[in-house]
Amino acid sequence: LTGYITIDSGYKNTGSTTSAITFLDGEEGILRYRGYPIEQLAEQASFLEVAYLLIYGELPTQSELEQFENSITKHTLVHEDMKQFFEAYPAKAHPMGVLASMICSLSSFYPESLDPNRSNDAKNLTIHRLLAKLPTLAAWSYKNSMRHPFNYPNNEYDYVKNFMHMMFSLPSEKYEVNPVVVSALNKLLILHADHEQNCSTSTVRIVGSSQANLYATISSGIAALWGPLHGGANQAVIEMLEKIHNDGGDVDKWVAKAKDKDDPFRLMGFGHRVYKNFDPRATIIKKACDDVLQAMNIHDPLLDIAKKLEKYALEDEYFKARNLYPNVDFYSGIIYKAIGIPTDMFTVMFALGRLPGWIAQWKEMTENGEPIGRPRQIYTGYTTRDYVAIDKR
Ligand code: SDX
């Protein structure tokens, strides 16, 4: 080996790239997309406006936004042949697995996406198709699991309303999307849109660096996000809160389990690799949680349990010593549950939000001409040894 190799397991102190997309300050709890604070974007922007900002670098003018929205609306339909894929999936298949394979198979329908030297227009067509079709495929994976008829996109609706329509409309009854739900989902999608070099985004960058097509690259991001330590945490949080609730709601007992050195119970939705005082997204989502439940006149006992758990983060030495406090996944599931999203679709909601961030990071990596990712290692196995015939082993 020429020179020396340093190992940084989990890349806790390793930078993989330079980027102009998202800025995080872990100490101060700051998150900005292209310089705009998420607090302002979450309150004032639409999700597609933020998607445009992340991918193309500037807030769109009115006409740029309309062009972007129209282009996406035009591609919300999914090829009828995709239904055959769905029929092959058992109803119990997890939507993240269905989605990862559906998205990857889209390249079969759009050969221009396979050409690494495709034109800018072809690249934007692939980007707009992804933004347009992920909600349709997500809703269809839910309808497939319910064995309900699929809903086609209604291009009169905006992005979020269309998704809710495709998820919950039934031919047999009228479905009206609640504006409170649309506003809460718009905010949640914005808050999940990008987060610099997290696990799934780093996966997207390294898979994209091999010049794999963008559909396959995004499919790898969906797979990475599925893990319970990453985007799968929002589903794990609700399962944890329900476990505590069904066990009588004794929060102290479960916190003691989390401190049990021999068999620690991991408090899902707590802690973060970068944020060391609080996750600014959790602060906004917690407020949105109160607003949505109040507007929908829902009292969810899981929210009371969540708030009791959060109190530990502020007061308990074990929590403070380990910077354990709610992260983005802690309260989001309570909102998804309140608006009728099934638990196994929570991480799909995270993927819908993170899609523009993955695309923006892939676009930046490819346009910067970054080399294929290929880390080295320190070898710790056997030195050389000779083959032994099987009858001599
Ligand atoms: C996301 O990177 C991103 O930006 C991700 C994300 C994004 O937007 O892309 O923000 C989204 O993934 C948020 C995180 C969702 N995951 C969870 O909520 C799962 C629970 N949290 C953890 O597993 C953990 O906190 C991580 C994965 C989030 C961070 O892991 P680290 O930085 O590797 O920290 P660690 O596992 O080394 O823990 C440090 C200490 C350990 O204690 P000691 O062994 O030193 O005594 O804190 C403890 C851990 O045991 N600890 C926890 C804990 N998280 C860390 N103890 C109990 N419950 C927890 N949740």
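Owing to the predicted nature of the structure, the values given are computational and were not obtained by experimental measurement.

*Asks:* Help me understand the confidence of the model for the chain, please; the structure alone is not making it clear to me.
*Replies:* Low pLDDT means the predicted coordinates in that region are not meant to be read closely. Here the chain averages 94 in pLDDT, while 99% of its residues score no lower than 70. If you check the scores for this complex, the pTM reads 0.96 and the ipTM reads 0.94.

*Asks:* In this structure, what is going on with the nonpolar core? I would like to understand it.
*Replies:* One recurring pattern in soluble globular proteins is that nonpolar side chains are buried together. Counting 117 residues, the largest nonpolar core has Y33, F163, L241, L309 and I341 as its most contacted members. The element contributing the most residues to this core is helix α17 (residues 346-367), with 12 residues.

*Asks:* Explain the UniProt feature "active site" (unreviewed entry) in the chain to me, please; I cannot follow it from the model alone.
*Replies:* Here, the residues flagged by UniProt with the feature "active site" (unreviewed entry) are H272 and D329. Spanning 58 residues, the named residues form one tight spatial group whose C-alpha atoms are at most 10.5 Å apart. You can see H272 is positioned in the loop between α12 (251-259) and α13 (280-295). Residues within four places of H272 in sequence aside, it is in contact with H195, D279, R281, Y325 and N327. Among the polar contacts listed, one links the side chain of H272 to the backbone nitrogen of V274, at a separation of 2.9 Å.

*Asks:* What should I look at first to understand the packing of helix α11 (residues 233-246) against helix α14 (residues 301-315) in this one?
*Replies:* A pair of packed helices can be characterised by two numbers: the angle between their axes and the separation between those axes. The geometry of α11 relative to α14 is characterised by a closest axis approach of 10 Å and an angle of 95° between their N-to-C directions. The angle between α11 and α14 falls in the class roughly perpendicular. In this structure, α11 contributes I238, M240, L241, E242, I244 and H245 to the contact, and α14 contributes P301, L302, I305, A306 and L309.

*Asks:* Any chance you could explain the site of the ligand here in plain terms?
*Replies:* Around the ligand, 23 residues are found, and the nearest of them are H195, R266, L267, H272 and R281. Taking H195, its side chain carries an N or O atom lying 2.6 Å from an oxygen atom of the ligand. The side chain of R273 places a nitrogen or oxygen atom 2.8 Å from an oxygen atom of the ligand. Protein chains shield 76% of the accessible area of the ligand, which is 1000 Å² for the free molecule.

*Asks:* How do you make sense of the sheet that holds strand β1 (residues 22-25) when you look at a structure like this?
*Replies:* Backbone hydrogen bonds hold the strands of a sheet together, and the pairing may be parallel or antiparallel. The strand order across the open sheet formed by three strands is β1-β2-β3, and the pairing between neighbours is antiparallel. What marks the edges here is a single partner per strand, and that holds for β1 and β3 (36-37). When strand β2 (residues 30-33) meets β3, the two strands line up antiparallel, connected through two bridges. Its bridge partner lying in β3, Y33 is registered against Y36.

Definitions and limits used
- Residues numbered from 1 in each chain as written.
- Predicted model: local features only at pLDDT ≥ 70, side-chain atom pairs only at ≥ 80, totals over all residues.
- Heavy atoms only, no water.
- pLDDT = per-residue confidence, 0-100.
- Core = buried A, V, L, I, M, F, W, Y, C linked by side-chain atoms within 4.5 Å.
- Buried < 20%, exposed > 50% of the residue type's maximum accessible area, 1.4 Å probe, protein only.
- Helix = DSSP H or I, 4+ residues; strand = E, 2+ residues; numbered from the N terminus.
- UniProt positions renumbered as here; feature names shortened; annotations may be inferred.
- Contact = heavy atoms within 4.5 Å.
- Polar contact = N/O pair within 3.5 Å; in protein donor to acceptor, adjacent residues only side chain to side chain.
- Axes fitted to C-alpha atoms, helices over the stretch in contact; angles between N-to-C directions.
- Parallel < 35°, antiparallel > 145°, perpendicular 65-115°, else oblique.
- Near = heavy atom within 4 Å.
- Areas by Shrake-Rupley, 256 points an atom, 1.4 Å probe, with all protein chains shown as cover.
- Pairing = 2+ DSSP bridges.

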